Amino acid sequence: MKYLNLIKQYRMFCIVWLVLPPFLGMLAYSIFFHSIPTDLPIGVVDNDKSSLSRDLQFYIESAPATQIAKQYNSLHEAKLDLNQGKIYGIVVIPNNFQAHIRKGVGVNIGIYYNAQFVLIGKAINSAMLQALTTFNAISSVGKNLAKDANMNIAKAKAMPIIPKIEALFNPRNDYAQFLLTIMLPCMWQILVAVGMLNLINTTPKSIKSLLLKFALNIGVALFWGIIMLAVFGALGYPREGNMYIVLLGLGVFAGAISSIVICFQSILKHTSKTISVIAAYTAPSLAFAGITYPQNSMEVFASFWSQILPISYFMKLYLQQANYGIDSAYSLDLIAQMLPFWLFLIIGVGVYYLRIGVINRGVVKD
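Residues numbered from 1 in each chain as written. Predicted model: local features only at pLDDT ≥ 70, side-chain atom pairs only at ≥ 80, totals over all residues. Heavy atoms only, no water.

Peer 1: Could you give an account of the overall build of the chain, naming the residues involved and the relevant values?
Peer 2: Counting its regular elements, the chain contains 17 helices and 4 strands. Of all 366 residues assigned to the chain, the portion counted as buried reaches 41%. In the chain, of all internal contacts separated by at least 6 residues, the share reaching a separation of at least 24 is 74%. Of the accessible surface of the chain, which amounts to about 20,500 Å², a share of 64% is contributed by carbon and sulfur atoms. (Helix = DSSP H or I, 4+ residues; strand = E, 2+ residues; numbered from the N terminus. Buried < 20%, exposed > 50% of the residue type's maximum accessible area, 1.4 Å probe, protein only. Contact = heavy atoms within 4.5 Å. Areas by Shrake-Rupley, 256 points an atom, 1.4 Å probe, with all protein chains shown as cover.)

Encoded structure:
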(Lines give C-alpha, C1' and ligand atoms only; values in the text may rest on other atoms or scores of the structure.)
Protein backbone atom coordinates (compact mmCIF):
# COMPACT_ATOMS: atom_id res chain seq x y z
CA MET A 1 0.00 0.00 0.00
CA LYS A 2 2.87 2.37 0.86
CA TYR A 3 4.50 1.85 -2.55
CA LEU A 4 1.16 2.33 -4.31
CA ASN A 5 0.73 5.66 -2.54
CA LEU A 6 4.22 6.71 -3.61
CA ILE A 7 3.51 5.75 -7.23
CA LYS A 8 0.25 7.67 -7.10
CA GLN A 9 1.99 10.68 -5.59
CA TYR A 10 4.73 10.67 -8.21
CA ARG A 11 2.79 9.16 -11.11
CA MET A 12 4.16 11.67 -13.64
CA PHE A 13 7.71 10.79 -12.57
CA CYS A 14 6.89 7.10 -13.12
CA ILE A 15 5.39 7.84 -16.55
CA VAL A 16 8.43 9.89 -17.55
CA TRP A 17 10.90 7.16 -16.60
CA LEU A 18 8.88 3.99 -17.34
CA VAL A 19 7.00 4.85 -20.54
CA LEU A 20 8.93 7.56 -22.39
CA PRO A 21 12.47 6.05 -22.59
CA PRO A 22 11.50 2.85 -24.48
CA PHE A 23 8.95 4.73 -26.59
CA LEU A 24 11.35 7.50 -27.63
CA GLY A 25 14.19 5.03 -28.16
CA MET A 26 12.13 2.80 -30.48
CA LEU A 27 10.76 5.83 -32.30
CA ALA A 28 14.25 7.21 -32.96
CA TYR A 29 15.57 3.81 -34.06
CA SER A 30 12.61 3.20 -36.39
CA ILE A 31 13.39 6.45 -38.23
CA PHE A 32 16.98 5.36 -38.97
CA PHE A 33 16.33 1.62 -39.19
CA HIS A 34 17.98 1.30 -42.63
CA SER A 35 21.11 3.15 -41.44
CA ILE A 36 21.77 4.70 -44.83
CA PRO A 37 19.31 6.24 -47.36
CA THR A 38 18.44 3.85 -50.18
CA ASP A 39 16.33 3.96 -53.35
CA LEU A 40 15.97 7.74 -53.34
CA PRO A 41 13.76 8.62 -56.34
CA ILE A 42 15.41 10.67 -59.08
CA GLY A 43 14.35 11.68 -62.59
CA VAL A 44 16.23 11.46 -65.88
CA VAL A 45 15.98 13.71 -68.92
CA ASP A 46 17.62 11.66 -71.70
CA ASN A 47 18.02 13.91 -74.73
CA ASP A 48 20.33 11.45 -76.49
CA LYS A 49 18.46 8.13 -76.15
CA SER A 50 21.53 6.14 -77.17
CA SER A 51 23.07 2.90 -75.96
CA LEU A 52 25.69 4.80 -73.94
CA SER A 53 23.07 7.01 -72.30
CA ARG A 54 21.22 3.84 -71.28
CA ASP A 55 24.49 2.43 -69.91
CA LEU A 56 24.94 5.56 -67.78
CA GLN A 57 21.40 5.17 -66.45
CA PHE A 58 22.18 1.56 -65.60
CA TYR A 59 25.13 2.64 -63.41
CA ILE A 60 22.99 5.29 -61.75
CA GLU A 61 20.26 2.74 -61.07
CA SER A 62 22.86 0.30 -59.69
CA ALA A 63 23.90 2.69 -56.92
CA PRO A 64 22.16 1.64 -53.67
CA ALA A 65 21.22 5.22 -52.79
CA THR A 66 19.35 6.10 -56.00
CA GLN A 67 16.50 4.77 -58.07
CA ILE A 68 15.30 6.22 -61.38
CA ALA A 69 11.64 6.89 -60.70
CA LYS A 70 10.64 8.58 -63.94
CA GLN A 71 11.83 9.61 -67.41
CA TYR A 72 11.06 13.21 -68.40
CA ASN A 73 10.88 14.95 -71.74
CA SER A 74 12.22 18.28 -70.45
CA LEU A 75 14.11 19.76 -67.54
CA HIS A 76 11.18 22.08 -66.78
CA GLU A 77 8.83 19.11 -66.37
CA ALA A 78 11.31 17.36 -64.05
CA LYS A 79 11.82 20.49 -61.93
CA LEU A 80 8.09 20.66 -61.23
CA ASP A 81 8.27 17.21 -59.60
CA LEU A 82 11.48 18.16 -57.79
CA ASN A 83 9.78 21.23 -56.32
CA GLN A 84 6.82 19.10 -55.20
CA GLY A 85 9.09 16.56 -53.49
CA LYS A 86 8.17 13.68 -55.81
CA ILE A 87 11.83 13.23 -56.72
CA TYR A 88 15.04 14.35 -55.02
CA GLY A 89 17.32 14.78 -58.02
CA ILE A 90 17.48 15.17 -61.80
CA VAL A 91 20.06 13.88 -64.31
CA VAL A 92 20.15 15.57 -67.71
CA ILE A 93 21.93 13.69 -70.51
CA PRO A 94 22.63 16.08 -73.43
CA ASN A 95 22.22 15.58 -77.17
CA ASN A 96 25.11 13.87 -78.97
CA PHE A 97 26.24 12.31 -75.70
CA GLN A 98 27.30 9.04 -77.35
CA ALA A 99 28.92 10.76 -80.36
CA HIS A 100 30.99 13.08 -78.17
CA ILE A 101 32.10 10.23 -75.90
CA ARG A 102 33.33 8.18 -78.84
CA LYS A 103 35.13 11.16 -80.34
CA GLY A 104 36.80 11.88 -77.01
CA VAL A 105 35.08 15.24 -76.68
CA GLY A 106 34.19 16.37 -73.17
CA VAL A 107 30.51 16.08 -72.22
CA ASN A 108 28.71 17.95 -69.44
CA ILE A 109 26.14 15.91 -67.51
CA GLY A 110 23.63 18.10 -65.68
CA ILE A 111 22.88 16.91 -62.13
CA TYR A 112 20.39 18.81 -59.99
CA TYR A 113 19.33 17.86 -56.47
CA ASN A 114 17.63 19.36 -53.45
CA ALA A 115 20.43 20.26 -51.01
CA GLN A 116 17.86 21.56 -48.49
CA PHE A 117 17.71 17.94 -47.28
CA VAL A 118 21.38 17.75 -46.30
CA LEU A 119 21.68 13.99 -45.79
CA ILE A 120 19.64 13.16 -48.90
CA GLY A 121 21.63 15.67 -50.97
CA LYS A 122 24.90 14.20 -49.76
CA ALA A 123 23.75 10.65 -50.56
CA ILE A 124 22.64 11.61 -54.10
CA ASN A 125 25.81 13.58 -54.75
CA SER A 126 27.98 10.63 -53.68
CA ALA A 127 25.92 8.17 -55.75
CA MET A 128 26.18 10.36 -58.86
CA LEU A 129 29.94 10.76 -58.49
CA GLN A 130 30.30 7.01 -58.04
CA ALA A 131 28.17 6.24 -61.10
CA LEU A 132 29.99 8.76 -63.34
CA THR A 133 33.42 7.61 -62.14
CA THR A 134 32.52 3.99 -62.93
CA PHE A 135 31.12 4.95 -66.33
CA ASN A 136 34.21 7.01 -67.21
CA ALA A 137 36.59 4.27 -66.11
CA ILE A 138 34.82 1.56 -68.13
CA SER A 139 34.62 3.81 -71.20
CA SER A 140 38.34 4.62 -70.95
CA VAL A 141 39.29 0.96 -70.50
CA GLY A 142 37.28 0.08 -73.62
CA LYS A 143 39.11 2.71 -75.69
CA ASN A 144 42.50 1.63 -74.38
CA LEU A 145 41.80 -2.02 -75.16
CA ALA A 146 41.28 -1.05 -78.79
CA LYS A 147 44.89 0.22 -78.81
CA ASP A 148 46.43 -2.30 -76.42
CA ALA A 149 45.13 -5.81 -75.83
CA ASN A 150 46.63 -5.98 -72.35
CA MET A 151 43.81 -5.47 -69.78
CA ASN A 152 46.16 -4.37 -66.99
CA ILE A 153 47.77 -1.73 -69.17
CA ALA A 154 44.35 -0.56 -70.35
CA LYS A 155 43.18 -0.19 -66.72
CA ALA A 156 46.38 1.63 -65.72
CA LYS A 157 45.94 4.13 -68.56
CA ALA A 158 42.28 4.67 -67.69
CA MET A 159 42.99 5.17 -63.98
CA PRO A 160 46.67 6.07 -63.48
CA ILE A 161 45.93 7.09 -59.88
CA ILE A 162 43.76 4.74 -57.84
CA PRO A 163 42.76 6.42 -54.58
CA LYS A 164 42.69 4.29 -51.47
CA ILE A 165 40.43 6.14 -49.05
CA GLU A 166 39.53 4.45 -45.78
CA ALA A 167 37.27 5.87 -43.09
CA LEU A 168 38.85 5.27 -39.70
CA PHE A 169 35.53 5.63 -37.87
CA ASN A 170 31.99 4.80 -39.05
CA PRO A 171 33.33 3.31 -42.31
CA ARG A 172 29.86 2.53 -43.68
CA ASN A 173 28.72 6.17 -43.32
CA ASP A 174 25.96 4.83 -41.09
CA TYR A 175 23.57 7.73 -40.43
CA ALA A 176 21.94 5.79 -37.59
CA GLN A 177 25.27 5.53 -35.75
CA PHE A 178 25.98 9.21 -36.43
CA LEU A 179 22.58 10.55 -35.32
CA LEU A 180 21.37 8.08 -32.67
CA THR A 181 24.50 8.54 -30.57
CA ILE A 182 23.64 12.23 -30.21
CA MET A 183 19.82 12.11 -30.39
CA LEU A 184 19.34 9.59 -27.58
CA PRO A 185 21.58 11.46 -25.08
CA CYS A 186 19.70 14.67 -25.97
CA MET A 187 16.37 12.93 -25.26
CA TRP A 188 17.83 11.37 -22.12
CA GLN A 189 18.88 14.75 -20.67
CA ILE A 190 15.37 16.13 -21.26
CA LEU A 191 13.92 13.16 -19.37
CA VAL A 192 16.40 13.82 -16.55
CA ALA A 193 15.19 17.43 -16.36
CA VAL A 194 11.48 16.55 -16.51
CA GLY A 195 11.90 13.75 -13.97
CA MET A 196 13.68 16.03 -11.49
CA LEU A 197 11.05 18.74 -11.96
CA ASN A 198 8.22 16.30 -11.26
CA LEU A 199 9.87 15.31 -7.98
CA ILE A 200 10.18 18.90 -6.73
CA ASN A 201 7.08 20.56 -8.20
CA THR A 202 6.24 21.54 -4.61
CA THR A 203 8.59 22.85 -1.94
CA PRO A 204 10.35 19.88 -0.25
CA LYS A 205 9.62 19.34 3.46
CA SER A 206 13.32 19.19 4.28
CA ILE A 207 16.75 19.41 2.66
CA LYS A 208 17.16 15.68 3.29
CA SER A 209 14.01 15.01 1.26
CA LEU A 210 15.33 17.22 -1.55
CA LEU A 211 18.69 15.41 -1.69
CA LEU A 212 16.99 12.01 -1.63
CA LYS A 213 14.90 13.02 -4.65
CA PHE A 214 18.03 14.30 -6.34
CA ALA A 215 19.76 10.94 -5.76
CA LEU A 216 16.66 9.01 -6.90
CA ASN A 217 16.50 10.90 -10.19
CA ILE A 218 20.20 10.30 -10.88
CA GLY A 219 19.82 6.60 -10.04
CA VAL A 220 16.90 6.09 -12.42
CA ALA A 221 18.66 8.17 -15.10
CA LEU A 222 21.78 5.99 -14.76
CA PHE A 223 19.67 2.84 -15.14
CA TRP A 224 18.34 4.05 -18.49
CA GLY A 225 21.78 5.37 -19.40
CA ILE A 226 23.20 1.86 -18.98
CA ILE A 227 20.42 0.51 -21.21
CA MET A 228 21.21 3.19 -23.81
CA LEU A 229 24.88 2.21 -23.90
CA ALA A 230 23.92 -1.47 -24.06
CA VAL A 231 21.69 -0.74 -27.07
CA PHE A 232 24.59 1.04 -28.79
CA GLY A 233 26.70 -2.06 -28.18
CA ALA A 234 23.96 -4.38 -29.47
CA LEU A 235 23.71 -2.32 -32.66
CA GLY A 236 27.41 -2.85 -33.25
CA TYR A 237 28.52 0.70 -32.51
CA PRO A 238 32.17 0.93 -31.40
CA ARG A 239 33.13 0.41 -27.75
CA GLU A 240 36.88 0.73 -27.92
CA GLY A 241 37.52 2.36 -24.55
CA ASN A 242 36.50 2.15 -20.91
CA MET A 243 32.70 2.16 -20.65
CA TYR A 244 32.90 2.54 -16.86
CA ILE A 245 34.36 6.00 -17.45
CA VAL A 246 31.40 6.74 -19.72
CA LEU A 247 29.00 5.59 -16.98
CA LEU A 248 30.75 7.87 -14.49
CA GLY A 249 30.32 10.68 -16.99
CA LEU A 250 26.62 9.84 -17.33
CA GLY A 251 26.18 10.10 -13.57
CA VAL A 252 27.91 13.49 -13.41
CA PHE A 253 25.93 14.62 -16.46
CA ALA A 254 22.62 13.58 -14.84
CA GLY A 255 23.62 15.38 -11.64
CA ALA A 256 24.46 18.53 -13.61
CA ILE A 257 21.07 18.66 -15.33
CA SER A 258 19.22 17.84 -12.09
CA SER A 259 21.16 20.57 -10.27
CA ILE A 260 20.20 23.17 -12.86
CA VAL A 261 16.53 22.18 -12.55
CA ILE A 262 16.63 22.41 -8.75
CA CYS A 263 18.24 25.84 -8.92
CA PHE A 264 15.72 27.34 -11.34
CA GLN A 265 12.73 25.76 -9.61
CA SER A 266 13.88 27.05 -6.20
CA ILE A 267 14.15 30.59 -7.58
CA LEU A 268 11.15 30.74 -9.93
CA LYS A 269 8.80 28.72 -7.64
CA HIS A 270 6.61 27.94 -10.66
CA THR A 271 6.74 24.66 -12.60
CA SER A 272 5.57 26.13 -15.91
CA LYS A 273 8.18 28.89 -15.81
CA THR A 274 10.92 26.40 -14.94
CA ILE A 275 9.87 24.13 -17.81
CA SER A 276 10.08 27.08 -20.21
CA VAL A 277 13.57 28.05 -19.02
CA ILE A 278 14.89 24.48 -19.08
CA ALA A 279 13.36 23.86 -22.53
CA ALA A 280 15.00 27.01 -23.92
CA TYR A 281 18.29 25.95 -22.34
CA THR A 282 18.39 22.30 -23.48
CA ALA A 283 16.43 22.40 -26.76
CA PRO A 284 19.40 23.57 -28.91
CA SER A 285 21.60 20.74 -27.61
CA LEU A 286 21.41 18.76 -30.87
CA ALA A 287 22.85 21.69 -32.80
CA PHE A 288 25.33 22.97 -30.23
CA ALA A 289 26.78 19.72 -28.83
CA GLY A 290 29.49 19.74 -31.48
CA ILE A 291 28.41 16.58 -33.32
CA THR A 292 26.12 17.78 -36.12
CA TYR A 293 28.21 20.95 -36.55
CA PRO A 294 31.86 21.35 -35.44
CA GLN A 295 32.46 23.64 -32.48
CA ASN A 296 35.55 25.25 -33.98
CA SER A 297 33.42 26.56 -36.86
CA MET A 298 30.75 28.11 -34.64
CA GLU A 299 30.45 31.86 -34.22
CA VAL A 300 30.97 33.43 -30.77
CA PHE A 301 27.44 33.09 -29.36
CA ALA A 302 26.97 29.51 -30.59
CA SER A 303 30.37 28.55 -29.20
CA PHE A 304 29.46 30.13 -25.85
CA TRP A 305 26.14 28.25 -25.75
CA SER A 306 27.94 25.01 -26.51
CA GLN A 307 30.31 25.59 -23.59
CA ILE A 308 27.45 26.08 -21.10
CA LEU A 309 25.72 22.82 -22.06
CA PRO A 310 26.80 19.72 -20.05
CA ILE A 311 26.00 17.51 -23.04
CA SER A 312 28.87 19.07 -25.03
CA TYR A 313 31.36 17.66 -22.52
CA PHE A 314 29.61 14.31 -22.29
CA MET A 315 29.58 13.83 -26.08
CA LYS A 316 33.33 14.54 -26.23
CA LEU A 317 33.79 11.99 -23.44
CA TYR A 318 31.65 9.38 -25.21
CA LEU A 319 33.44 9.80 -28.55
CA GLN A 320 36.85 9.64 -26.86
CA GLN A 321 36.08 6.34 -25.17
CA ALA A 322 33.68 4.64 -27.60
CA ASN A 323 35.44 5.49 -30.87
CA TYR A 324 39.04 6.26 -30.02
CA GLY A 325 39.75 4.42 -26.76
CA ILE A 326 41.73 7.40 -25.47
CA ASP A 327 43.52 7.19 -22.12
CA SER A 328 41.08 7.58 -19.23
CA ALA A 329 42.96 10.58 -17.82
CA TYR A 330 41.77 12.75 -20.71
CA SER A 331 38.18 11.65 -20.16
CA LEU A 332 38.37 12.29 -16.42
CA ASP A 333 39.38 15.85 -17.26
CA LEU A 334 36.16 16.22 -19.30
CA ILE A 335 34.14 14.82 -16.40
CA ALA A 336 35.80 17.37 -14.09
CA GLN A 337 34.67 20.12 -16.49
CA MET A 338 31.04 19.09 -15.81
CA LEU A 339 31.40 19.39 -12.03
CA PRO A 340 30.97 23.21 -11.94
CA PHE A 341 27.37 22.66 -13.07
CA TRP A 342 26.80 21.02 -9.67
CA LEU A 343 27.23 24.47 -8.11
CA PHE A 344 23.62 25.04 -9.17
CA LEU A 345 22.69 22.33 -6.64
CA ILE A 346 24.35 24.32 -3.83
CA ILE A 347 22.46 27.45 -4.88
CA GLY A 348 19.17 25.58 -5.11
CA VAL A 349 19.67 23.86 -1.75
CA GLY A 350 20.51 27.23 -0.18
CA VAL A 351 17.34 28.85 -1.51
CA TYR A 352 15.22 25.92 -0.37
CA TYR A 353 16.90 25.98 3.05
CA LEU A 354 15.86 29.60 3.52
CA ARG A 355 12.35 28.92 2.25
CA ILE A 356 11.85 25.83 4.44
CA GLY A 357 13.09 27.83 7.44
CA VAL A 358 10.54 30.58 6.73
CA ILE A 359 7.74 28.00 6.42
CA ASN A 360 8.74 26.27 9.66
CA ARG A 361 8.88 29.57 11.56
CA GLY A 362 5.43 30.39 10.27
CA VAL A 363 4.10 27.05 11.47
CA VAL A 364 5.65 27.57 14.94
CA LYS A 365 4.07 31.01 15.28
CA ASP A 366 0.65 29.66 14.32
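Peer 1: Account for the nonpolar core, naming residues and giving values.
Peer 2: Nonpolar side chains in soluble globular proteins tend to be buried together. Counting residues in each nonpolar core, the largest one holds 66 residues, and the members touching the most others are Trp 17, Trp 188 and Phe 314. The element best represented in this core is helix α9 (residues 175-199), accounting for 14 residues. Aside from chain neighbours lying at most four places away, what touches Trp 188 is Trp 17, Ala 221, Trp 224, Gly 225, Leu 250, Phe 253 and Ala 254. Within the second largest apolar cluster, 21 residues are counted, among which are Ile 101, Ile 120, Phe 135 and Tyr 175. (Core = buried A, V, L, I, M, F, W, Y, C linked by side-chain atoms within 4.5 Å.)

Peer 1: Residues and numbers for the sheet that holds strand β4 (residues 110-113), please.
Peer 2: In spatial order, the strands read β2-β1-β3-β4; together these 4 strands make up an open sheet with mixed pairing. A strand with exactly one partner marks an edge of an open sheet, and here the two such strands are β2 (66-72) and β4. On average, each strand axis in the sheet is tilted by 25 degrees relative to the strand beside it, whichever way the strands run. Running at roughly 140 degrees to β2, helix α4 (residues 51-62) makes contact with β1 (40-46), β2 and β3 (89-93) of the sheet. (Pairing = 2+ DSSP bridges. Axes fitted to C-alpha atoms, helices over the stretch in contact; angles between N-to-C directions.)

Peer 1: Talk me through the side chain of Thr 282; I want residue IDs and the actual numbers.
Peer 2: Counting through the fold element by element, Thr 282 comes out in helix α12 (residues 271-282). Dropping the residues within four chain positions of it, Thr 282 is found in contact with Gln 189 and Ile 190.

Peer 1: Explain the pattern of salt bridges to me, using residue names and the numbers behind them.
Peer 2: Enumeration according to the criterion identifies 1 salt bridge in this entry. The closest approach of N and O atoms between Lys 70 and Asp 81, which form a salt bridge, is 3.9 Å. Of this pair, Lys 70 sits in strand β2 while Asp 81 sits in helix α5 (residues 75-83), and the two are 11 residues apart along the sequence. Residue Lys 70 is classed as partly exposed on the basis of its relative accessible area, which comes to 38%. (Salt bridge = Lys/Arg side-chain N within 4 Å of Asp/Glu carboxyl O.)

Peer 1: Explain helix α14 (residues 300-307) to me, and be specific about the residues and the numbers.
Peer 2: Looking at α14, one finds that the buried residues are Ala 302, Trp 305 and Ser 306. The arc that holds every buried residue of α14, seen down its axis, measures 100 degrees, which confines them to one face. Among the residues of α14, the N-terminal cap falls to Glu 299, whose side-chain oxygen and the backbone nitrogen of Phe 301 are separated by 3.0 Å. (Arc of directions from axis to C-beta. Polar contact = N/O pair within 3.5 Å; in protein donor to acceptor, adjacent residues only side chain to side chain.)

Peer 1: Can you tell me about the pairing of β1, naming the residues and giving the values?
Peer 2: Taking burial as the measure, the 7 residues of β1 include 6 buried ones, the bulk of the element. Relative to β2, β1 runs parallel, the two being bridged by 6 bridges. Opposite Val 45, over in β2, you have Tyr 72 as the bridge partner. Note that the unit made of β1, α4 and β2 has a crossover that is right-handed. Pairing of β1 with β3 involves 5 bridges; the strand directions are parallel. In the strand pairing of β3, Asp 46 is matched with Ile 93. (Right-handed = clockwise from strand over helix to strand, strands pointing away.)

Peer 1: Requested: an account of unusual backbone geometry, with residues and values cited.
Peer 2: For Asp 39, which is not glycine, the phi torsion reads 55 degrees and is therefore positive. By relative accessible area, which is 45% here, Asp 39 ends up partly exposed. The phi torsion at Lys 49 lies on the positive side, around 50 degrees, for a residue other than glycine. Along the chain, Lys 49 turns up in the loop between β1 and α4. By relative accessible area, which is 60% here, Lys 49 ends up exposed.

Peer 1: Give me the packing of α9 against helix α11 (residues 243-268): which residues, what numbers.
Peer 2: Closest axis-to-axis distance for the α9/α11 pair is 9 Å, and the angle between their directions is 45 degrees. Looking at the two axes, α9 sits oblique to α11. Considering the relative orientation of α9 and α11, their crossing is right-handed. Touching Trp 188, Gln 189, Val 192, Ala 193, Met 196 and Leu 197 of α9 are Leu 250, Phe 253, Ala 254, Ile 257, Ser 258, Val 261, Ile 262 and Gln 265, all from α11. When grouped by side-chain class, the residues that make up the contact of α9 with α11 number 11 nonpolar, 3 polar and no charged. (Parallel < 35°, antiparallel > 145°, perpendicular 65-115°, else oblique. Left-handed = near helix turned anticlockwise from the far one by under 90°. Nonpolar A, V, L, I, M, F, W, Y, C, P; charged D, E, K, R; others polar.)

Peer 1: Go over α5 with me, naming the residues and quoting the values.
Peer 2: Of the positions making up α5, those classed as buried are Ala 78, Asp 81 and Leu 82. For α5, the angular spread of the buried residues around the axis is 105 degrees, confining them to a single face. Exposed positions of α5 whose direction lies more than 90 degrees from the buried face are His 76 and Asn 83. Tucked inside the fold, the buried residues of α5 contact β1, β2 and β3. Just downstream of α5, Gly 85 is the residue with a positive phi angle, here 80 degrees.

Nothing here speaks to function; it is geometry throughout.
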